[in-house]
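The chain contents come next:
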Amino acid sequence: MAPERDLFANFERMRREMDELFGDVFGAGVLGPRHRGGFSPAVDVFYEGEPPRAVVHAELAGIDPDEIGLEIEGRELVIAGHRRPADSEGRVYQQLEIDFGPFRRVIPLGADVVAEEARATYRDGILRVELPLVRPEPRSRRVPIEVADDAI
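A quick note: this is a predicted structure, and the numbers were derived from the prediction, not measured.

## Quick word on the packing of aromatic side chains
Next up, step 1: Inspection of the entire model under this criterion finds 1 aromatic pair.
Next up, step 2: When the ring of F39 is compared with that of F103, the centres are 5.2 Å apart and the planes differ by 45°; the resulting orientation is tilted. Placement of the pair is F39 in the loop between helix 2 (32-36) and strand 1 (43-48) and F103 in strand 5 (residues 101-108), with a sequence separation of 64 residues. Considered together, F39 and F103 belong to a single accessibility category, that of buried residues.

## Things to note about unusual backbone geometry
Next up, step 1: That bond from E50 to P51 is cis: its omega, 5°, falls within 30 degrees of zero.
Next up, step 2: The topology assignment puts P51 in the loop between strand 1 and strand 2 (53-59).
Next up, step 3: A positive phi angle is found at D124, which is not glycine, with a value near 50°.
Next up, step 4: Summarising the element assignment, D124 is placed in the loop between strand 6 (119-123) and strand 7 (126-132).
Next up, step 5: We classify D124 as exposed; its relative accessible area is 73%.

## Some details on the nonpolar core
Next up, step 1: By size, the foremost hydrophobic cluster in this structure holds 18 residues, and its most contacted members are V56, L60, L77, I79, L127 and L131.
Next up, step 2: Mapped by element, the contributors of at least two residues to this core are strand 2, strand 4 (76-83), strand 5 and strand 7.
Next up, step 3: With sequence-adjacent residues up to four places away left out, L77 is seen in contact with V56, L70, E71, I72, R105, V106, I107, L109, V129 and L131.

## Observations concerning the confidence of the model for the protein chain
Next up, step 1: Of the residues in the protein chain, 75% have a pLDDT of 70 or more, and the chain-wide mean is 82.
Next up, step 2: Predicted confidence for residues 27-36 stays below pLDDT 50, and this span has 12 contacts to residues more than four positions away or in other chains.

## Some details on the sheet that holds strand 7
Next up, step 1: In spatial order, the strands read 1-2-7-6; together these 4 strands make up an open sheet with antiparallel pairing. Each edge of the open sheet carries a strand with a single partner, namely strand 1 and strand 6. Across the sheet, the mean angle from the axis of one strand to that of its neighbour is 15°, orientation sign disregarded.

## Focus on the sheet that holds strand 3 (residues 68-73)
Next up, step 1: Taken together, 3 strands build an open sheet; the order of strands is 3-4-5 and the sheet is antiparallel. What marks the edges here is a single partner per strand, and that holds for strand 3 and strand 5. Strand-to-strand twist of the sheet, defined as the mean angle between neighbouring strand axes without regard to direction, takes the value 15°.
Next up, step 2: Of the strand pairs in this sheet, strand 4 and strand 5 are connected by 8 bridges, and their pairing is antiparallel. The residue bridging G81 from the neighbouring strand is F103, located in strand 5.

## Re the pairing of strand 4
Next up, step 1: Along strand 4, 6 of the 8 residues are buried, which leaves the element largely enclosed by surrounding structure.
Next up, step 2: Summarising the sheet, strand 3 and strand 4 pair through 6 bridges and their orientation is antiparallel. Bridging across to strand 4, G69 finds its partner in A80.
Next up, step 3: Counting the residues in the hairpin turn of strand 3 and strand 4 gives 2 residues, including G74, whose phi is positive at 65°.

Calculation notes
- Residues numbered from 1 in each chain as written.
- Predicted model: local features only at pLDDT ≥ 70, side-chain atom pairs only at ≥ 80, totals over all residues.
- Heavy atoms only, no water.
- Phe/Tyr/Trp six-rings, centres within 6.5 Å; stacked < 30°, edge-to-face > 60°.
- Helix = DSSP H or I, 4+ residues; strand = E, 2+ residues; numbered from the N terminus.
- Buried < 20%, exposed > 50% of the residue type's maximum accessible area, 1.4 Å probe, protein only.
- Core = buried A, V, L, I, M, F, W, Y, C linked by side-chain atoms within 4.5 Å.
- Contact = heavy atoms within 4.5 Å.
- pLDDT = per-residue confidence, 0-100.
- Pairing = 2+ DSSP bridges.
- Axes fitted to C-alpha atoms, helices over the stretch in contact; angles between N-to-C directions.

In structure tokens, the structure reads:
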């Protein structure tokens, strides 16, 4: 009986070879992101603390904080900006993987947030955005009973 084969064992190698073969045709090769006009930064979203808050970490190494804009639209955080290319004069690249150009990333949040109390800090290439969560209203309310006056 023949040993079982892993059908996906060579899938990653095949994908890389296809990217190399068709990269320039489909705009997905080494220079692909520049053809698209930007990139999409990696983000982590988590919830922590008391009072509870949503926290978003965005990987934005090499980007001037003045080039970053933040907006809160309902339950979405929008991070937009621009990474400028490095000065390449006199360089001959063997490999070029650091994307540059404009970016816009819309991050869905799993809860309503208090936009007016949002805070953002930028350190070591990581943008940290803290968004306090809206405190839920109590689901039940005690209703006082008034005694009606019979003198109508």
